[in-house]
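# Topology and contacts: notes
Single-letter residue listing:
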Amino acid sequence: MSAAKVKMRQKKMRNQPANVQYSSSPADAQGSTQSNGGGGGGPSGKDPSSERKKSSRQQGGWVRGHQKDAGVYADKMPQHITAGTFARARAVEVSAMLKAVTKTTGSCNVFGALPRHMRRRAMSHNTKRLPCRLREMANRMREKCLQASSKGKKEQTKTKSRKARRRHGNLLLEFNRRQRKNIWLETHIWHAKRFHMVKKWGYCLGDRPTLKCYRPCYRAMSTHCLLQDLSYYCCIEIQGEEDKLLESLSQLTSKEAGPTFAQRLCLSGQRQGSVVVYRAGQFPLQPLGPVTFLWRTRAQGSTHRQLWIWAHPTLKKDILPELQSVCQCHEAVLPPPVPLVTPADAIPPTEAEKIPEIRHVPGTKRKQSRKDTSGPPAKKILGDGTRPPNTPVTWESSSTGIVINDLTMEIVRYRLIGPQSHSVLTDTLEAATDCDELSKSQPSCLWWPDHCKDKSKMHLHQQQTDVFLTLKDIYSTTELPPGTVLGLTVDDPRLAIPTKRIKALPCVKEAQEVDDEKIKELALRGVPEHCCQSFLWEQSVRNNVTDNKISEQELNRMRSQVLVPGSRLTPTPLQGRIPILLVHQPGKQVGQEMNSWGAGWDLLLPKGWGMAFWIPLVYRGVRIGGLKMSLTHSQNKGAPHFPHDYPDCPAGARFQEEQESMLLEKFKRCPPAKRTNYIKHGCLAPFCCPWQQLAEEWDLTGSEAAEKQGDTQTESTSVMQSEMTSHQDVAVAKPATHFTVLRKIKSLRLLSNWCRPTSSKGQRLWRVREMPPLNHTARTTFLASHRMSLVWVRLSLLLKGKPDLHAMVCVPTAEDLKLLSKGPSSSGPQERPHRDTFKSTIKRNKRGTKKTVVHCQSSDMTETKDIPSEKDCDFVLGVWPNPLPSVTSHCSRVTLGWVTQADFSLSAGCGEALGFVSVTGLIHTLISQPLEHRGMVLLRDPVSLHYRFAKINIEV
């Protein structure tokens with residue numbers, strides 16, 4: 001046997017137990033088997049290693065894989081086996097096998113004792129993952145490693161376990177800490193798991209879902225129901241005498257812009273109203289923004305009234321000081337001090353003696369038998385997203401007796417949009433049941449047992465229940481009068497939540513007869529005035545309901561005691577009666593297309609009950625929408641969205657500045673070679689809309705063009721273009737007046753008639769009222785009072801295409817209208833590419849041209865043709881720097897305005913845009929166009945040179 005084979009055999013046999021012998025030849029194997037019963041290590045006492053060495057040197061030694069001469073095993077079997085010798089030999093082999101299994105490898109690591117499938121890297125960081133028999137050894141090794149590696153360093157604090165981090169008390173502390181800057185709504189955690197959250201207006205709100213559901217949300221608004229949480233809207237309560245309230249509020253509105261706070265149906269409490277609020281006595285200048293209001297029904301024999309005004313969070317900082325000014329409420333009323341209770345005084349001595357001492361049983365969890373005063377505080381956030389904490393929320397006037405309360409975050413408001421919103425409400429809510437006689441006779445701290453004792457109140461509750469049940473027989477929400485109000489008291493909706501998600505549909509009664517008279521009365525006249533009352537107006541009732549709400553833990557305990565699992569709790573707990581208000585939302589009310597689209601209901605609840613109503617509503621198959629879906633809802637209705645589409649309001653101006661900075665930062669993040677060069681596209685303002693400059697230029701051009709007006713269309717168009725060109729490089733003197741948005745109803749109707757309103761794609765004309773025709777006399781009279789005004793318009797593309805944000809609305813020339821006369825499939829004109837003089841100047845400066853470079857802050861900027869680079873000032877490549885040249889005549893087509901909302905409309909089936917145009921420019925455009933093409937304009941996106949034909953509609 002060669003030395004290499006011997007070395008290989010020794011390497012293979014080094015880990016074998018010493019008491020096991022292996023023969024090197026068949027003869028040796030046979031002899032050993034006969035001597036010791038087939039085992040090794042008999043009582044001979046010889047050294048096994050010496051025997052291995054001796055056998056390896058014998059003739060016919062060991063060969064890898066086989067024996068020489070094909071002799072692998074002995075052919076003869078042993079004649080007899082001695083039991084004792086055989087058992088001893090097998091026992092030695094078994095002990096050797098156990099020793100080999102328990103022995104670790106050459107490494108001293110604990111993980112060497114584990115099988116390969118159990119070796120994990122996470123076990124080195126957390127020894128609790130190891131088996132119990134190895135944890136102690138692993139901990140000792142870990143301590144030695146820490147001491148050897150870093151003796152001077154402190155050991156890092158161990159992160160709390162997930163169970164400790166998810167404890168109720170720790171969660172409340174963490175949630176309160178995270179709400180110091182941005183307040184959470186009651187449905188925040190539900191939204192945070194399913195929505196992209198944004199921080200806006202002092203709140204953390206859901207913007208859009210994480211899943212793709214744009215079209216399903218539109219279908220829900222069109223055919224079923226979409227749910228939104230509008231609890232971030234601010235509620236301002238005003239109380240006082242009716243005459244004094246109306247006198248003060250009349251300074252903020254005007255009848256020329258539509259109904260005011262004194263509208264008859266709204267004043268009675270049967271309808272919810274909406275109005276645009278202005279600064280006191282400044283109409284039509286200085287608007288603040290739109291608000292919705294709701295009057296409480298009159299009490300018999302009393303002139304004291306109560307009014308709720310709902311406003312956007314960005315509008316509250318503007319409207320609240322104005323309300324305090326007109327109502328003369330400048331005296332802040334501090335809330336009553338809350339007495340501090342020390343832990344020693346928390347329990348009286350007499351009651352403390354009665355509490356038995358609870359002994360802890362070993363092996364069980366410790367539970368608190370009563371509230372621990374040293375525990376974590378309750379979840380109570382002072383203030384809201386629109387005001388800092390510890391500020392007054394009540395103001396009163398000693399002269400007028402009017403009191404103003406800030407009820408922001410005191411009332412939860414949900415909005416249900418869609419034709420089946422009433423079906424979702426009637427399926428989710430159930431009218432409150434009466435208390436039994438035992439509950440009425442016993443004294444209670446709850447509000448409902450005392451309410452049940454009054455027969456007149458219970459009679460009113462029964463009438464409200466009948467009206468609510470009548471809603472089940474209505475086919476669509478749009479059949480009800482707009483702004484209808486219904487007060488009701490309902491049971492806790494958690495008691496009747498379905499086991500799985502279902503889709504609420506209208507109840508169609510075939511076998512039973514439906515009372516058609518009640519349905520017709522409800523559809524024509526709405527809810528009776530006495531049924532609009534609700535105890536939600538009472539602050540004491542709201543606090544009582546919020547403080548005595550049944551917790552989820554207690555509710556689950558009561559459910560576990562029900563005999564039939566899944567059945568309703570009977571009787572209904574007394575804490576489960578909640579006063580609510582149902583307010584109908586009218587949907588689309590302007591124009592003659594898609595009337596009442598997007599109608600629904602608003603559900604008003606006391607605070608603390610948000611999730612108790614949210615989950616049952618979700619289980620009725622509604623879709624959930626966020627802020628982005630609110631904007632889509634406004635686009636489909638053709639209504640301006642606050643604050644996006646109110647540029648003349650302070651909140652709208654602030655939003656435009658924020659939007660401009662956000663879009664500019666996004667533009668700067670792209671490399672210069674990948675940016676769109678807006679200068680070459682002829683777009684002066686791709687990120688904002690300079691409304692003031694647009695109104696000023698059209699005001700100056702309109703006054704001069706009126707003096708040089710011609711008699712024919714061609715002359716009129718040429719005069720307007722020549723005037724625009726002549727003022728292209730002339731600085732316009734800033735007038736004292738600020739631009740406004742036209743909101744007078746009579747003027748809007750007249751302007752809408754002159755635009756010849758059509759359908760979405762411009763196929764048919766709508767019948768309009770008889771109005772004065774558009775001529776030069778009517779134009780002069782109209783522009784006398786609306787020169788610096790903008791008007792809200794809806795633009796529908798005649799052909800394919802989807803307009804973008806800040807697209808330009810331009811005036812078509814006579815040649816463009818001739819293209820339109822060839823057929824509806826004719827394409828629009830093209831804008832010639834502009835030259836980027838700034839880019840070429842920068843290139844010349846880089847090449848070393850001897851020209852002076854002046855900084856952007858220099859006053860002689862107009863005299864120098866050289867432009868500094870981006871590093872020298874705020875100049876951005878591809879964007880025209882301030883001040884802008886003439887925005888109306890910069891391109892080959894005169895600019896009328898810009899687009900603020902744009903998308904492909906699923907309801908109209910074409911691209912639609914919403915925006916503002918100059919009233920002066922629109923009048924000059926309409927009077928110069930032929931009758932068959934009146935109201936036609938051109939739309940051009942900021943990133944395109946192609947103009948597309950569109951039709952202007954002014955819906956009133």
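Residues numbered from 1 in each chain as written. Predicted model: local features only at pLDDT ≥ 70, side-chain atom pairs only at ≥ 80, totals over all residues. Heavy atoms only, no water.

What follows concerns the overall build of the chain. Of the regular secondary structure elements, the chain holds 31 helices and 23 strands. Within the chain, the proportion of its 956 residues that are buried is 45%. The contacts in the chain between residues at least 6 apart in sequence include a share of 76% that link residues at least 24 apart. Surface exposure of the chain reaches about 53,500 Å², of which carbon and sulfur atoms provide 53%. (Helix = DSSP H or I, 4+ residues; strand = E, 2+ residues; numbered from the N terminus. Buried < 20%, exposed > 50% of the residue type's maximum accessible area, 1.4 Å probe, protein only. Contact = heavy atoms within 4.5 Å. Areas by Shrake-Rupley, 256 points an atom, 1.4 Å probe, with all protein chains shown as cover.)

The next point concerns the sheet that holds strand β1 (residues 183-184). With mixed pairing, the 3 strands of this open sheet are ordered in space as β1-β3-β2. Every other strand in the sheet has two partners, leaving β1 and β2 (195-200) as the edge strands with one partner each. Seen against the sheet, helix α23 (residues 627-637) touches β2 and β3 (203-209) and runs at an angle of roughly 65° to β3. (Pairing = 2+ DSSP bridges. Axes fitted to C-alpha atoms, helices over the stretch in contact; angles between N-to-C directions.)

The subject of this paragraph is the packing of aromatic side chains. For the coordinates displayed, the defined rule picks out 21 aromatic pairs. Here Trp190 and Trp614 contribute two aromatic rings whose centre-to-centre distance is 5.6 Å and whose plane-to-plane angle is 70°, an arrangement assigned as edge-to-face. With Trp190 in helix α9 (residues 188-192) and Trp614 in helix α22 (residues 610-618), the pair connects residues that are 424 residues apart, well separated along the chain. The exposure class assigned to Trp614 is buried, which follows from its relative accessible area of 0%. Ring centres of Tyr678 and Phe687 lie 5.7 Å apart, and the angle between their planes is 80°; this geometry places the pair in the edge-to-face category. When its relative accessible area of 10% is taken as the criterion, Tyr678 is described as buried. Accessibility expressed as a relative area gives 9% for Phe687, which makes it buried. (Phe/Tyr/Trp six-rings, centres within 6.5 Å; stacked < 30°, edge-to-face > 60°.)

For the rest of this paragraph, the subject is the packing of helix α10 (residues 214-223) against α23. Close contact between α10 and α23 brings their axes to 11 Å; oriented N to C, the two are set at 55°. Classified by the angle between their axes, α10 and α23 sit oblique to one another. Along this stretch, α10 crosses α23, giving a crossing that reads as right-handed. In this structure, α10 uses Tyr214, Cys217, Tyr218 and Met221 to contact α23, whose residues at the interface are Met629, Thr632, His633 and Asn636. Class assignment for the residues of the contact of α10 with α23 results in 5 nonpolar, 3 polar and no charged. (Parallel < 35°, antiparallel > 145°, perpendicular 65-115°, else oblique. Left-handed = near helix turned anticlockwise from the far one by under 90°. Nonpolar A, V, L, I, M, F, W, Y, C, P; charged D, E, K, R; others polar.)

This part takes up the nonpolar core. Counting residues in hydrophobic clusters, the biggest one holds 58 residues, and the most contacted among them are Trp308, Tyr414, Ile580, Leu603 and Phe613. Once residues lying within four places of it in the same chain are set aside, the contact partners of Leu603 are Val412, Arg413, Tyr414, Leu425, Leu429, Ile580, Leu581, Leu582, Phe613 and Leu617. Formed by 57 residues, the second largest nonpolar core is a distinct cluster that contains Cys755, Met788, Leu896 and Val899. (Core = buried A, V, L, I, M, F, W, Y, C linked by side-chain atoms within 4.5 Å.)

So, on to the sheet that holds strand β7 (residues 287-295). Strand order in the open sheet formed by 7 strands is β6-β7-β8-β5-β11-β10-β9, with antiparallel pairing between adjacent strands. Because the sheet does not close on itself, it has two edges, and the strands there are β6 (273-278) and β9 (331-332). Pairing between β7 and strand β8 (residues 304-311): 4 bridges, direction antiparallel. Paired with Leu294 across the two strands is Trp308, which belongs to β8. Against the sheet, helix α11 (residues 242-249) contacts β5 (234-241), β7 and β8, and its axis sits at roughly 125° relative to β5.

Among the secondary structure elements, Gly909 is positioned in the loop between β20 (895-905) and β21 (910-918). Here Gly909 falls in the partly exposed class, since its relative accessible area comes to 35%. Taking the C-alpha atoms as reference, Gly909 lies 10.0 Å from Lys800; in sequence the two are 109 residues apart.

The N-to-C vectors of helix α28 (residues 776-783) and helix α31 (residues 919-928) enclose an angle of 175°; their axes lie 11 Å apart at closest approach. When the axes of α28 and α31 are compared, the pair comes out roughly antiparallel. Across from His776, Arg779, Phe782 and Leu783 in α28, the residues of α31 making contact are Val919, Thr920, Ile923, His924 and Ile927.

Turning our eyes to something else, we now look at the pattern of salt bridges. Summed over all chains, the structure comprises 32 salt bridges. Among the ionic pairs, Arg654 bridges to Asp318, the shortest N-O distance being 3.2 Å. Linking Arg654 in helix α24 (residues 650-669) with Asp318 in helix α13 (residues 313-327), this pair joins segments that are 336 residues apart in sequence. On the accessibility criterion, Asp318 (10% relative accessible area) is buried. As a salt-bridge pair, Asp602 and Arg415 come within 2.9 Å of each other at their nearest N and O atoms. (Salt bridge = Lys/Arg side-chain N within 4 Å of Asp/Glu carboxyl O.)

This part is about the confidence of the model for the chain. Looking at the chain as a whole, its pLDDT mean stands at 80, while 77% of the residues score no less than 70. A low-confidence stretch, residues 22-71 stays under pLDDT 50, and its non-local contacts, those more than four residues away or across chains, total 56 contacts. Of the regions scoring below 50 in pLDDT, residues 710-716 engages in 7 contacts with residues more than four places distant in sequence or in other chains. (pLDDT = per-residue confidence, 0-100.)

Below, the discussion takes up a positive patch on the surface. Positive charge collects at one region of the surface, where Arg162, Arg165, Arg166, Lys193 and Arg194 lie side by side. Inspection of the secondary structure assignment puts Arg194 in the loop between α9 and β2. (Patch = residues over 30% accessible without salt bridge, like charges linked within 9 Å, V, L, I, M, F, W, Y side chains within 5 Å. Lys, Arg positive; Asp, Glu negative; His and termini not counted. Charge placed at Lys NZ, Arg CZ, Asp CG, Glu CD.)

Glancing now at the pairing of strand β23 (residues 948-953). Of all 6 residues that make up β23, 5 are buried, and the element is covered over most of its length. Pairing analysis gives 4 bridges linking strand β18 (residues 789-797) to β23, with the strands arranged antiparallel. Looking at the pairing, Ser796 lines up with Lys951 of β23. Sheet topology note: the strand β22 (residues 936-940)/β23 ladder contains 4 bridges and is antiparallel. Bridging across to β23, Met936 finds its partner in Lys951.

Moving on: unusual backbone geometry. Residue Pro284 is reached from Phe283 by a cis peptide bond, and omega for that bond is 5°. Turning to its location among the elements, Pro284 is positioned in the loop between β6 and β7.

The next subject is the environment of Asn775. Topologically, Asn775 is positioned in the loop between α27 (745-754) and α28. The class for Asn775 is partly exposed, based on a relative accessible area of 34%. With 153 residues separating them in the primary sequence, Asn775 and Ser928 have C-alpha atoms 9.9 Å apart. One polar contact links the side chain of Asn775 to the main-chain amide nitrogen of Thr777, over a distance of 3.3 Å. (Polar contact = N/O pair within 3.5 Å; in protein donor to acceptor, adjacent residues only side chain to side chain.)

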